[in-house]
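So you can see what is in the structure, the chains are spelled out below.
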Amino acid sequence: MDNLNRRDALKAGGMLAGIGALSLSLFTAPPRAQAWSWPASGSIAGSGDGVDPMTVWDPAADQVIAEILESGQVPAINKILATWTTNNQPTPSGLPPNLTAFIEQARQLPAWIDQSKLTAADDFNSKQGPFIGTAYGFGAGLLATVIPHESRAVYYSNGGGDLQDRIAKTAKLGYDLMAQQPFAPNGHLIVTCVKTRMVHAAVRHLLPKSGPWLQVATESPKIPISQNDILVTWHSLPTTIMQKLKAWKVPITDAHSAGLLHSWQVTAHLLGVQDQYIPATWDSANAQSKQVLDPVLGPTPEGTKIADHLLTIGPVLAATSFITKPMLASFTKFVLGAQVAKWLNLKTDGIWDGIFATLWGPFVQLYQLGRIVPGVDAIYFQLTEFIKVVALLYLNSGGLKLELPIPTTNNPS
Ligand code: HEM
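Calculation criteria
Each chain has its residues counted from 1, following the order in which its sequence is written. Given that this is a predicted model, residues contribute local features only at a pLDDT of at least 70 and side-chain atom pairs are listed and counted only at 80 or more, while totals for whole chains, interfaces and linings are drawn from all residues. Values reported for side chains reflect all heavy atoms of the structure, with hydrogen atoms and water molecules removed beforehand. Residue types Ala, Val, Leu, Ile, Met, Phe, Trp, Tyr and Cys, when buried and joined through side-chain atoms within 4.5 Å, form a set referred to as a nonpolar core. Only protein chains enter the calculation, and the probe is 1.4 Å; a residue is then buried if its accessible area is under 20% of its type maximum, exposed if over 50%, and partly exposed in between. Residue contacts are defined here by distance: any two heavy atoms, one from each residue, within 4.5 Å place the two residues in contact. Keep in mind that water is not among the atoms, so a site may look incomplete; donors are the N, O and S atoms within 2.8 Å of the metal, or 3.2 Å for Na, K and Ca. Helix and strand labels come from DSSP, where a helix needs a run of H or I of at least four residues and a strand needs a run of E of at least two; each type is numbered from the N terminus. Confidence of the predictor at the level of single residues is given by pLDDT, which spans 0 to 100.

1. Points about the nonpolar core
Counting residues in hydrophobic clusters, the biggest one holds 104 residues, and the most contacted among them are Ile-65, Trp-248 and Trp-360. The residues touching Trp-248, leaving out its near neighbours within four places in the chain, are Phe-131, Thr-134, Ala-135, Phe-331, Phe-334, Val-335, Trp-360, Val-364 and Gln-365.

2. Let's talk about the coordination of the iron atom of the ligand
Of the protein atoms, His-200 (NE2) alone serves as a donor to the iron atom of the ligand, at 2.2 Å. Tracing the chain through its elements places His-200 in helix H9 (residues 189-206).

3. Here we look at the environment of Gly-303
Inspection of the secondary structure assignment puts Gly-303 in helix H14 (residues 301-317). Distance from Gly-303 to Val-154, taken between C-alpha atoms, is 8.9 Å for residues 149 residues apart in sequence.

4. So, the confidence of the model for the protein chain
In the predicted model, the protein chain carries a mean pLDDT of 85, and the fraction of residues at 70 or more is 83%. Confidence drops under a pLDDT of 50 for residues 1-30, and excluding neighbours within four residues, the segment shows 53 contacts in the predicted structure.

5. Some details on unusual backbone geometry
Cis rather than trans, the peptide bond between Ser-220 and Pro-221 has omega equal to 0°. Position of Pro-221 among the secondary structure elements: in the loop between helix H10 (211-216) and helix H11 (227-247). The phi angle at Gln-181 is positive, at roughly 50°, despite the residue not being glycine. Mapped onto the fold, Gln-181 is located in the loop between helix H8 (163-178) and H9. At Ile-225, a position not held by glycine, the phi torsion is positive, near 55°. You can see Ile-225 is positioned in the loop between H10 and H11.

Written out as structure tokens, the structure is:
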């Protein structure tokens, strides 16, 4: 799979059968303003075939998921897959042989996995969990709403019928990753990633049949969730989070930094990203992010609606808390900047705008020293409560099950 070229990618996959009539000439013009130039020498694989990831999807998953969707077996398969939740569980019996074969292959950890780096990631998460969690919620969760391909895919797919938890689920994978030893036998992340890979393949099969999505989609051809799209979202997660943690001056050792990157490299691999596209270092991640994430950020009506829902769940879930929608908007503005706040039409709270701008930095430092004394310093106490509630709101796994059923329809509304 790692050496797929563009022609292979186009040939493969039942999903792509739907565009069988599509001429390869559609690809004669590069699909991005500037030709793909990120060097594969900076990837985990160390080399690559130079193919633009905008023209590569996930043929192995797309083929098998298209087949089971077309055969009408998915509801029965979802029931069986619901029993598969823990990394060391065998692949459940009773699945179609082609799906079993896919899962058996997809659940394999990469040969390059480094346990010592994963242990460092565990240590980082346990030491800086509240700040990492807050960065997942606001750095990644809200940033996703200004990634047009993702916002539209989410809005018009089945999950778009319930916006309140949709994007939070993407960030939730980040939260699962913060659990101790997520790839170990008793962890859940291998299963979550493989299921997500199958959900994404289903979305590739289903969304091109959605009239509303086809009207607004800018992908060329109109197939969602290319390898490039996954990289974009990936950078909205670890790359952005690391940038935020550094900006907030959260203490980060070299081992912690390498650990966070590595846990996301393994996650990308399990999500079906080819090793030739997975950045090997933070420098190469930042360079790739500049090419794939920065230029695509912008507002869409769909993303703005999703952001509005994300910021509305605060007061609902924390009815007794001091947290308000304008406060969450202020924090979003603080984390993602005035431009993003403007795109999302955020109505911020002037007082909290000032508090975050001036006191967040000192708060991060005081928090490290354990000098937050409830009742003594009201603002710092509120900020402490704030990061706890944010983690609860956006990232708590309590309400989110690991079932991740394969969808069979688009957004019905
Ligand atoms: C589903 C995570 C990239 C669009 C999911 C789910 C997870 C997830 C955990 C399963 C949630 C559920 O169905 O309950 C991620 C991660 C990504 C990523 C970690 C990258 C690192 C993308 C991209 C797009 C996308 C790039 C679109 C351009 C969707 C859609 C669904 C989905 C439409 C299914 C929604 C539904 O109908 O239920 N993703 N995703 N994802 N993802 Fe992603």
